[in-house]
Amino acid sequence: MRRPRRNRKSNTIRNLVREHEVQVADLIFPLFVTEGKASTTPIKSMPGISRLSPDLILKEIESCMKLDLTAFALFPHLPESKKDKFASESFNPKGLYIKTIKAIKKEFPECCLMTDVAMDPYSIDGHDGLVENGEILNDATLPILSRMALEQAAAGADIIGPSDMMDGRVGFLRDALDEQGFENTSIMAYTAKYASAFYGPFRDALDSAPKLGDKKTYQMDPANQSEALIEAELDLVEGADFLMVKPALAYLDVIKLLYDNFEVPIAAYNVSGEYAMVKAATQNGWIDGEKTMQEILLSIKRAGAKIILSYFAKEFAIGKKK
Ligand code: PBG
């Protein structure tokens with residue numbers, strides 16, 4: 001009789017036949033930087049995650065590096081007074097974000113720093129693009145994106161992450177970077193980023209919720225799968241080095257679809273709401289947080305994501321050292 005259970009009979013055999021494994025080296029840890037000194041502001045809806053002032057961001061990176069967690073995605077939190085219609089603060093070389101990128105790469109040249117290219121953290125409208133008469137403009141947004149991307153690249157960013165779902169922005173940024181001599185700066189395309197309710201806690205973290213309307217004219221409809229193939233083809237032709245799916249858990253089919261159809265490494269963003277759900281249930285004693293985290297990260301890897309952006313990254317790395 002065929003008995004699949006024979007391959008599960010001992011720990012050693014289970015280890016021998018195991019098909020997938022998450023490594024610390026697969027993970028990118030998102031960090032939130034805010035103004036100030038020695039200041040930590042916990043984000044209520046993301047237990048364990050805080051906005052940190054630049055000095056503490058450096059400390060956090062140092063402690064992650066000791067755990068062999070060496071890839072980070074940095075997002076800025078700005079006071080309303082620094083926001084405007086044109087996201088001007090995003091390309092201010094003396095602004096919080098660009099200065100922090102420089103400081104990180106100066107102190108830890110060996111870390112891999114991914115930066116965010118989108119208007120929402122700096123926009124008074126809370127949208128990822130320029131807003132005119134209630135419309136989110138596409139092409140008029142692109143030059144603003146390239147200005148911020150160039151400042152970030154000049155500050156030392158290793159990977160640029162255009163997170164806004166504007167059309168044509170990967171090609172536009174690739175050309176701008178190449179023209180200015182940043183041909184070695186990578187682009188991780190937010191290829192299939194869905195108009196999702198799972199971003200709620202992140203918008204708390206950045207105070208970046210849209211003031212009016214929603215993001216449905218640029219982010220993808222959660223009902224659509226084939227459309228991700230169109231986005232992926234375009235991003236590849238335009239020069240993306242990685243294709244990302246976001247969120248991860250409710251979109252494992254999309255991760256698998258891109259994995260099966262494209263040769264470039266696939267990334268997935270295990271977003272704030274996915275993290276918050278696990279933390280809330282853990283705090284209530286309803287699930288085992290550690291095991292749930294392991295299983296979730298594994299499911300994302302198994303679906304085909306080589307790279308996972310996750311707020312669990314440090315916790316996972318600590319677990320590996322134990
Ligand atoms: C926006 C952006 C969002 C996230 C990353 N970049 C949210 C949004 O579209 O409003 C969400 C990440 C998360 O939820 O963890 N440029």
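Note: the structure precedes this text.
Calculation criteria
- Residues numbered from 1 in each chain as written.
- Predicted model: local features only at pLDDT ≥ 70, side-chain atom pairs only at ≥ 80, totals over all residues.
- Heavy atoms only, no water.
- Helix = DSSP H or I, 4+ residues; strand = E, 2+ residues; numbered from the N terminus.
- Rg over C-alpha atoms; globule rule 2.2 N^0.38 Å.
- Buried < 20%, exposed > 50% of the residue type's maximum accessible area, 1.4 Å probe, protein only.
- Near = heavy atom within 4 Å.
- Polar contact = N/O pair within 3.5 Å; in protein donor to acceptor, adjacent residues only side chain to side chain.
- 1 Å grid on protein atoms, 1.4 Å probe; cavity = no way out; pocket = protein on both sides within 12 Å on 5 of 7 lines; lining within 4 Å.
- Sits in = over half its atoms within 2 Å of the grid points.
- Points joined across faces, edges and corners; volume = space filled by probe spheres on them.
- Nonpolar A, V, L, I, M, F, W, Y, C, P; charged D, E, K, R; others polar.

S.K.: Break down the overall build of the chain for me, citing the residues and quoting the values.
M.R.: Of regular secondary structure, the chain possesses 11 helices and 12 strands. Rg of the C-alpha trace for the chain: 20 Å, near the compact-globule value of 20 Å for 322 residues, within the 12% margin. Oriented by its inertia axes, the alpha-carbon framework of the chain measures out at about 70 × 45 × 40 Å. Within the span of the chain, comprising 322 residues, buried residues form 54% of the whole.

S.K.: Break down the site of the ligand for me, citing the residues and quoting the values.
M.R.: Around the ligand, 16 residues are found, and the nearest of them are R203, K215, K246, S272 and Y311. Within the side chain of Q219, an N or O atom sits 2.7 Å from an oxygen atom of the ligand. Taken atom by atom, the bulk of the ligand overlaps the largest cavity.

S.K.: Could you give an account of empty space enclosed by the protein, naming the residues involved and the relevant values?
M.R.: Per the stated rule, a full pass over the model turns up two cavities of 30 Å³ or more. Taken as a whole, the largest cavity encloses approximately 160 Å³ of empty space. Looking at the largest cavity, it is lined by 18 residues, and the ones nearest its centre are D120, K193, Y199, F202 and K246. Counting only elements with at least two residues in the lining of the largest cavity, the list comes to strand 9 (186-193) and helix 6 (200-206). Within the lining of the largest cavity, the residues separate by chemical class into seven nonpolar, four polar and seven charged.

S.K.: Tell me about the layout of surface pockets, and name the residues and values.
M.R.: Roughly 240 Å³ of internal volume is contained in the largest pocket. Taken together, N15, R18, E19, H20, E21, V22, Q294, E295, L298, F316 and K320 make up the full set of residues lining the largest pocket. When residues of the lining of the largest pocket are traced back to their parent elements, those giving at least two are helix 10 (289-303) and helix 11 (313-321). Of the residues assigned to the lining of the largest pocket, the class counts are three nonpolar, three polar and five charged. Of the voids in this model, the second largest pocket is the one considered here, and its volume is about 190 Å³. Lining the second largest pocket we find 14 residues, and of these F29, G48, I49, E60 and K314 sit closest to its centre. At the level of elements, strand 1 (27-33), strand 3 (50-52) and helix 11 are the ones that each hand at least two residues to the lining of the second largest pocket. Per-element tally for the lining of the second largest pocket: the top contributor is strand 1, with four residues. Partitioned by chemical class, the residues of the lining of the second largest pocket number nine nonpolar, two polar and three charged.

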